[in-house]
4 protein chains.
Amino acid sequence: MKSRIRFLKDLDPISLKDPILIQGLPGVGNVGKLGVSHMIQELKAIYFAELFSYTFPYHVLVNNDGILRLLRNEFWFSQLSKSGGKHDVIFITGDYQSQTPEGQFTIVNMILDLAEKYKVSQIYTLGGYATGSVSKNPRVFGTATSLSLIKQLKDEEIEINESGGPIVGASGLLIGLGKMRGIEGACLLGETSGFMADALSAKVVLEKLIKLVEIELDLGPLAIKAQNLTKLIDQMKQKQRHRPGTRRQESEEEKDDLSYIG
Amino acid sequence: MKSRIRFLKDLDPISLKDPILIQGLPGVGNVGKLGVSHMIQELKAIYFAELFSYTFPYHVLVNNDGILRLLRNEFWFSQLSKSGGKHDVIFITGDYQSQTPEGQFTIVNMILDLAEKYKVSQIYTLGGYATGSVSKNPRVFGTATSLSLIKQLKDEEIEINESGGPIVGASGLLIGLGKMRGIEGACLLGETSGFMADALSAKVVLEKLIKLVEIELDLGPLAIKAQNLTKLIDQMKQKQRHRPGTRRQESEEEKDDLSYIG
Amino acid sequence: MKSRIRFLKDLDPISLKDPILIQGLPGVGNVGKLGVSHMIQELKAIYFAELFSYTFPYHVLVNNDGILRLLRNEFWFSQLSKSGGKHDVIFITGDYQSQTPEGQFTIVNMILDLAEKYKVSQIYTLGGYATGSVSKNPRVFGTATSLSLIKQLKDEEIEINESGGPIVGASGLLIGLGKMRGIEGACLLGETSGFMADALSAKVVLEKLIKLVEIELDLGPLAIKAQNLTKLIDQMKQKQRHRPGTRRQESEEEKDDLSYIG
Amino acid sequence: MKSRIRFLKDLDPISLKDPILIQGLPGVGNVGKLGVSHMIQELKAIYFAELFSYTFPYHVLVNNDGILRLLRNEFWFSQLSKSGGKHDVIFITGDYQSQTPEGQFTIVNMILDLAEKYKVSQIYTLGGYATGSVSKNPRVFGTATSLSLIKQLKDEEIEINESGGPIVGASGLLIGLGKMRGIEGACLLGETSGFMADALSAKVVLEKLIKLVEIELDLGPLAIKAQNLTKLIDQMKQKQRHRPGTRRQESEEEKDDLSYIG
């Protein structure tokens, strides 16, 4: 049993002009997956390939129409160059990222094989940076594999990740292993509580990303999701404040611990 | 060391007419294994092959005659077409299903190799759906890999599995990976408490299955097992009700938590 | 990195007449290792090969002379046929048995390759059967892969293992996989508390084994170890009986729970 | 995906005269890594190769300049023979040692391939020996794979490791597997509490090592680190002594339990 990428009929190969790759998989605050899913939807990206792996857990999912399907990672593309964009884009998202070293290394290398096939010049990965508290103005942290990209991140007021800190999972590994193949990359992490699927964090990450890669994107729908989430959190805080015996100091309100929601 | 299927002497190959495959392995409520074992017994199926795997745990079992044997999955066949049936059937059951992704994917693919060898057109897998409470009228849930099969399930008043829900283990994986090889399939799950080997759940799953695949089957012996189990549960509830300090509301009686038995 | 067997210089191949294989590795009560180590010593067996495996844990041991060495399984032989014995014997013992399915299956298959090379006709594995209490007259349980061997076990008043019971580890697996290669075998398990290295259990297992395989063996040194252990246990019971508040019924004394010693 | 060693440009091969190999990886008290890192710095060793492995955990690190990089083991060399030294030296240190048998065996064998390529005659590995208490005069323990090396250790008043004791991790395995390839080696372990990165333990290990391998080395900077650590510990003890209700006996002061620091 091998992990493998299956291309959809008539979509192998596809024609892409100077493509970059943008990946967001399930993870901390689901920031990466929320961000990339939004891009796929807004940019009307086309589904062209899917990755199956024996390193995913041994369960399957049921679709809206009751159809059973295997866990997968998904590949989508958008020919933005046709409407004047600088790059075409390959998007990667999916149900799952592997929880074993062997699985992560295997899958990331398969993705890089595909990236090389399409001569991808840059890789951007999106993820969350858990702080344990809710912020109304989440920051964006970044790291990269070239000093020129680090400079670009700083120009966009992205905070550079602290030295020595680990970045766990596919968002770090794809960039690190990509460098080994001569593909430069950056990893953008949105500050998030880690307690919920965080649309606000996804929105601020996308705001930075689209400037870096010069893509036009409507962030409106994500902003609405973020506002709804903020309202929900405010309501929960309100209830908490009025429950006897749990009143907190006003100064603590800006950052607030919540159980995982979403 | 490889996993491998060993065919019994003079039973490789066997002659099967348009076979379907029905699998039930140990799992939630042991519903799948109970169901398939009952079919094997009632239909006088013939044992023709066994699967050994280095991904099973490293223990062995002792038979009734004191003989030691390896853990295995078992393949049986029934030439129902000879007595007017629509399909011949291959049954799969066994001692164990692997508890690792690598084991599950390896074994399911070996089973699919065998299914392809015999040109199996459809796969049905049986299992349990744990609810944590005992029901006197357990429901049957289903999912499939084609819309035509989904329609058949609905026609038999099988409830379609909720979107997004995971189906864990070989009963889901065999169907999902079978689809990748062009074999359509359905997975039927009987509602069960998850606390005991559930003959009643196995019976209601078989009632649905035999209509779907048009097999005649005496469910009497399974009904008797199910009645005995129901009596046992009623006796336990009775005792519990008369124990001081544990009396429950009448409304709670229909669904009742029990420790695992059987 | 592969697991491998290294033969000592000038000892590959060795000349063996109709050899049988006797294995005892660390395990429950250390019964198997104690028994086989005793045979190796008394029969002046010769060390001829060692097995190294990447599936053993990643530590090393220090010898009496301060020399560091890898964990290993050991192969010894005894040309008993030269002094009128029915069979020559290969003994297997070692530091460790693997704690993963992959490791167990890999190593057992390597041992069986060696067994086939020397045309081994029968395999006997020794181990312990934990009951949780100390018995002064430990029983010996057995199982085998042929009805003729089962009969021989019964003739020697070995209790046949209960149907359905699992036998965990190399002592079961070597017999089960040996059968697949056409080598018959039996597994003898000595009753033991499981709380200590049990020389008495090893002694009663050897008493049965040497009748089965017609080997002459001085059990004296093992009997002395067993007596010393029994004395130690009696002293501990004595102390326990005289400690206020822990007095037990006389009827409980024959079987007594102790913490693991030795 | 394979583990692999990547050589830096123009540094494959390098020219080394009768090299020995000295390894210190993260581990107990970080003694090995501290020691080898100090040697690399003081001897102005040159970085020439790095090992990447799919058996390391799936995270990446961020450098001082914000650049993301993969976890790695590092190879450095020092041409000490050019300034009259007896041997050139290859040093190995790194971010991590694998925590699985497969990873450890794979990586150690890759290191031994490199050692054979450069005809390394001896391997020394450094590590810590945890005692659970802080000692002002930590001892150095040793083991080796030849009696002549054991004699040299004794001549340097290194205590030989107790028989039967396990040595866990790469420091034992590299020596044990090196022996299998005909490379002799010794493992030196500095006594350490195990609660902190222990510069004092690293210093006493290096004092022994440089006599064994006849290398001149300034231990001053490490001595200063060790003194600072000792002062810190003394201050913590002082505070502890003056806290009411936690006063200890004077006799207990020499060896003192501390939480992990550094």
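Before reading further, recall that the structure is shown in the block above.
Note that the coordinates shown come from a computational prediction; the quantities given were computed from them, not determined experimentally.

Asks: Quick question: what am I supposed to make of the overall build of chain A here?
Replies: From N to C terminus, chain A includes six helices and twelve strands. For chain A, the C-alpha radius of gyration of 19 Å lies close to 18 Å, the compact-globule estimate for 262 residues. Counting only C-alpha atoms, chain A reaches 65 × 45 × 40 Å along its principal axes. Within chain A, contacts between residues at least 6 apart in sequence are counted, and of these 73% link residues at least 24 apart.

Asks: Hey, could you run me through the relation of the copies chain A and chain D in this one?
Replies: Two copies of a chain can be linked by a rotation about an axis combined with a shift along that same axis. It takes a turn of 90° to lay chain A on chain D, together with a shift of 0.2 Å along the axis; the resulting RMSD is 0.1 Å. Taken together, the rotation angle and the small translation identify this as a four-fold axis. Every residue of chain A has its C-alpha some distance from the rotation axis, and the shortest such distance is that of E102 of chain A, at 8.0 Å.

Asks: Where do I start with the packing of helix α5 (residues 199-213) of chain B against helix α6 (residues 220-242) of chain B in this structure?
Replies: Helices that pack against each other are described as a pair by the angle of their axes relative to one another and the distance between those axes. Residues and elements named next belong to chain B. Axis separation between α5 and α6 bottoms out at 8 Å; the angle between their running directions is 145°. For the pair α5 and α6, the crossing hand works out as left-handed. Together, A199, L200, A202, K203 and L206 of α5 and L222, A223, K225, A226, L229 and T230 of α6 make up the contact between the two elements. In the contact of α5 with α6, the residues fall into eight nonpolar, one polar and two charged.

Asks: Can you walk me through α5 of chain B in this structure?
Replies: Three- or four-residue spacings in an α-helix give side chains the same orientation, since the helix completes a turn every 3.6 residues. Residues and elements named next belong to chain B. Here α5 spans 21 Å end to end across 15 residues, near enough to the 21 Å set by a 1.5 Å rise per residue. When α5 is considered as a whole, its buried residues turn out to be A199, L200, S201, A202, K203, V204, V205, L206, L209 and L212. Looking one or two residues past α5, E214 carries a phi angle of roughly 55°, positive in sign.

Asks: What's the story with the environment of P13 of chain B in this structure? I'm lost.
Replies: Among the structural elements, P13 of chain B can be located in the loop between β1 (4-7) and β2 (20-23). Spatially, the C-alpha atom of P13 of chain B lies 9.3 Å from that of F48 of chain B, the residues being 35 residues apart in sequence.

Asks: Sorry if this is basic, but what is going on with the pairing of strand β3 (residues 46-52) of chain D here?
Replies: Remark: a regular strand shows side chains that alternate across the two faces of the sheet. Residues and elements named next belong to chain D. As defined by bridge partners, strand β1 (residues 4-7) adjoins β3 across four bridges and the pair is classed as antiparallel. Each residue of the ladder has a partner; that of I5, found in β3, is L51. Sheet topology note: the β3/strand β6 (residues 73-78) ladder contains five bridges and is antiparallel. Of the residues in β6, the one forming a bridge with E50 is E74.

Definitions and cut-offs
- Residues numbered from 1 in each chain as written.
- Chains lettered and ligands numbered in written order.
- Predicted model: local features only at pLDDT ≥ 70, side-chain atom pairs only at ≥ 80, totals over all residues.
- Helix = DSSP H or I, 4+ residues; strand = E, 2+ residues; numbered from the N terminus.
- Rg over C-alpha atoms; globule rule 2.2 N^0.38 Å.
- Contact = placed C-beta atoms within 7 Å.
- Least-squares fit on C-alpha atoms with pLDDT ≥ 70 in both.
- Axes fitted to C-alpha atoms, helices over the stretch in contact; angles between N-to-C directions.
- Left-handed = near helix turned anticlockwise from the far one by under 90°.
- Nonpolar A, V, L, I, M, F, W, Y, C, P; charged D, E, K, R; others polar.
- Expected span 1.5 Å × (residues − 1).
- Buried ≥ 20, exposed ≤ 12 C-beta atoms within 10 Å, placed from the backbone.
- Pairing = 2+ DSSP bridges.

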